[in-house]
Amino acid sequence: MYSFKSRVRYSELAADKRLSLVSIVNYFQDCCTFEAEDKEVGLQWLSEHHTSWMLTNWQIHILRRPEYCEDIEIITWASGFKYFIGKRSFLIRSVSGEPLIYALSDWAYVNVVENRPEKNVPAKELEAYGLDVPIERRFSEFDIPVSEEEQILKGKIDVEFMKGIGILGKKADGNSSNTESIAESGNVWFPHSIVVSGEHLDTNNHVNNAQYVAIATAQLPADFRTSVFRAEYKKQSKLGDVIYPVIETTDEGYIVVLNDEAGEAKLVCEFIR
């Protein structure tokens, strides 16, 4: 288990003076990269081995978003390894021990030169991270309500509404009649496209997972706040790529799909009130 402490900064706030979702993702990302550096399997090690851990999915549960200037502790640990997939648990809590936010995640170990999964994770990395019980089996230990067990979502995000819809709300055959009724009902809409710029990129020269979340969040009503966030990362985006958002309103919140020019999903995410 690895942890570091912080104080919620002004730059990390949403409009309601509490930690934003993007800042939550950044804290989780920073925590696991700090661990990698401190255990000497960080950026330099990965560069020498031409590998990287690529996030494939998040499931983030928000019990209470920390307030401005609140002191917090961010915790992470490896909770599973199989083939080239690593599971990692996260927790943000107050310095008094109150659980605030927890998350489950999966990461793929990738050869960045050949752009393929690397099945043989070096023993040094496996030993450095170790293995502990996943957070969903440690709720009582961290004073997380047992009722939270029922809140953990299983399966893929439902994007049935995307069948037959192109990036601009047209059917695959070029006709728009199939989606006009959907758009008019207010269930689905198609915001302006986004061009990937340098500020979106990370050290792997593709859109960082937190930047993807920022793009998706920016498509929602400004006053919307989520209590459960899920994301499935499908494809990388590089400098100059164009991203086409599609949003569906659901009974519980919103589903956002970020597509490429061909209409294939790069990111699928779900925001639940």
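1. Focus: the overall build of the chain
Here is step 1 of the chain: Across its full length, the chain carries five helices and 12 strands.
Here is step 2 of the chain: Scaling as 2.2 N^0.38, a compact globule of 273 residues should have a C-alpha radius of gyration of about 19 Å, and the chain matches this with 19 Å.
Here is step 3 of the chain: Projected onto its principal axes, the C-alpha positions of the chain cover 55 × 40 × 35 Å.
Here is step 4 of the chain: Looking at the 273 residues of the chain, the share that counts as buried comes to 49%.
Here is step 5 of the chain: Of the accessible surface of the chain, which amounts to about 13,700 Å², a share of 49% is contributed by carbon and sulfur atoms.

2. Side note on helix 1 (residues 21-38)
Here is step 1 of the chain: Helix length check: helix 1, at 18 residues, gives a terminal C-alpha distance of 26 Å against a target of 26 Å (1.5 Å per residue), a fit within 8%.
Here is step 2 of the chain: Within the sequence span of helix 1, burial applies to Leu21, Ser23, Ile24, Val25, Tyr27, Phe28, Gln29, Cys31, Cys32, Glu35 and Ala36.
Here is step 3 of the chain: Positioned one or two residues after helix 1, glutamate 40 has a phi angle of 65 degrees, which is positive.

3. Quick look at helix 5 (residues 209-217)
Here is step 1 of the chain: Among the residues making up helix 5, those that are buried are Asn209, Ala210, Tyr212, Val213, Ile215 and Ala216.
Here is step 2 of the chain: In this structure asparagine 208 caps helix 5, since a side-chain oxygen of it lies 2.9 Å from the backbone nitrogen of alanine 210.

4. Considerations on the environment of histidine 49
Here is step 1 of the chain: Mapped onto the elements, histidine 49 comes out in helix 2 (residues 43-49).
Here is step 2 of the chain: Accessibility expressed as a relative area gives 33% for histidine 49, which makes it partly exposed.
Here is step 3 of the chain: Taking the C-alpha atoms as reference points, histidine 49 and proline 122, 73 residues apart in sequence, are found 9.3 Å from one another.
Here is step 4 of the chain: Within the local environment of histidine 49, its side chain forms a polar contact with the backbone oxygen of tryptophan 45, the two atoms lying 2.9 Å apart.

5. Structural notes on the confidence of the model for the chain
Here is step 1 of the chain: Looking at the chain, the pLDDT average stands at 91 and 92% of residues meet or exceed 70.
Here is step 2 of the chain: Put simply, helix 4 (residues 177-185) is where the chain has its lowest mean pLDDT, 42, and strand 1 (residues 2-7) is where it has its highest, 98.

6. Regarding the pairing of strand 9 (residues 228-233)
Both faces of the sheet carry side chains from a regular strand, because those side chains alternate between them.
Here is step 1 of the chain: Burial of strand 9 is extensive: six of the six residues sit out of reach of the surface.
Here is step 2 of the chain: A two-sided burial pattern is seen for strand 9, the buried positions comprising Val228, Arg230 and Glu232 on one face and Phe229, Ala231 and Tyr233 on the other.
Here is step 3 of the chain: With five bridges connecting them, strand 2 (residues 51-62) and strand 9 associate as antiparallel partners. In the sheet register, tryptophan 58 faces strand 9, and the bridge partner there is alanine 231.

7. Overview of the packing of aromatic side chains
Here is step 1 of the chain: If you walk through the whole model with that rule in mind, you get 15 aromatic pairs.
Here is step 2 of the chain: Here the aromatic rings of tryptophan 53 and tyrosine 109 are separated by 4.6 Å at their centres, their planes lie at 50 degrees, and the arrangement is tilted. Of this pair, tryptophan 53 sits in strand 2 while tyrosine 109 sits in strand 5 (residues 99-111), and the two are 56 residues apart along the sequence.
Here is step 3 of the chain: Assessed through its relative accessible area of 16%, tryptophan 53 is described here as buried.
Here is step 4 of the chain: For arginine 88, the ring lying beneath its charged end belongs to tyrosine 129, and the centroid distance is 5.1 Å.
Here is step 5 of the chain: For arginine 138, the ring lying beneath its charged end belongs to tryptophan 77, and the centroid distance is 4.8 Å.

Calculation criteria
Residues numbered from 1 in each chain as written. Predicted model: local features only at pLDDT ≥ 70, side-chain atom pairs only at ≥ 80, totals over all residues. Heavy atoms only, no water. Helix = DSSP H or I, 4+ residues; strand = E, 2+ residues; numbered from the N terminus. Rg over C-alpha atoms; globule rule 2.2 N^0.38 Å. Buried < 20%, exposed > 50% of the residue type's maximum accessible area, 1.4 Å probe, protein only. Areas by Shrake-Rupley, 256 points an atom, 1.4 Å probe, with all protein chains shown as cover. Expected span 1.5 Å × (residues − 1). Polar contact = N/O pair within 3.5 Å; in protein donor to acceptor, adjacent residues only side chain to side chain. pLDDT = per-residue confidence, 0-100. Pairing = 2+ DSSP bridges. Phe/Tyr/Trp six-rings, centres within 6.5 Å; stacked < 30°, edge-to-face > 60°. Lys NZ or Arg CZ within 6 Å of the ring centre and 35° of its normal.

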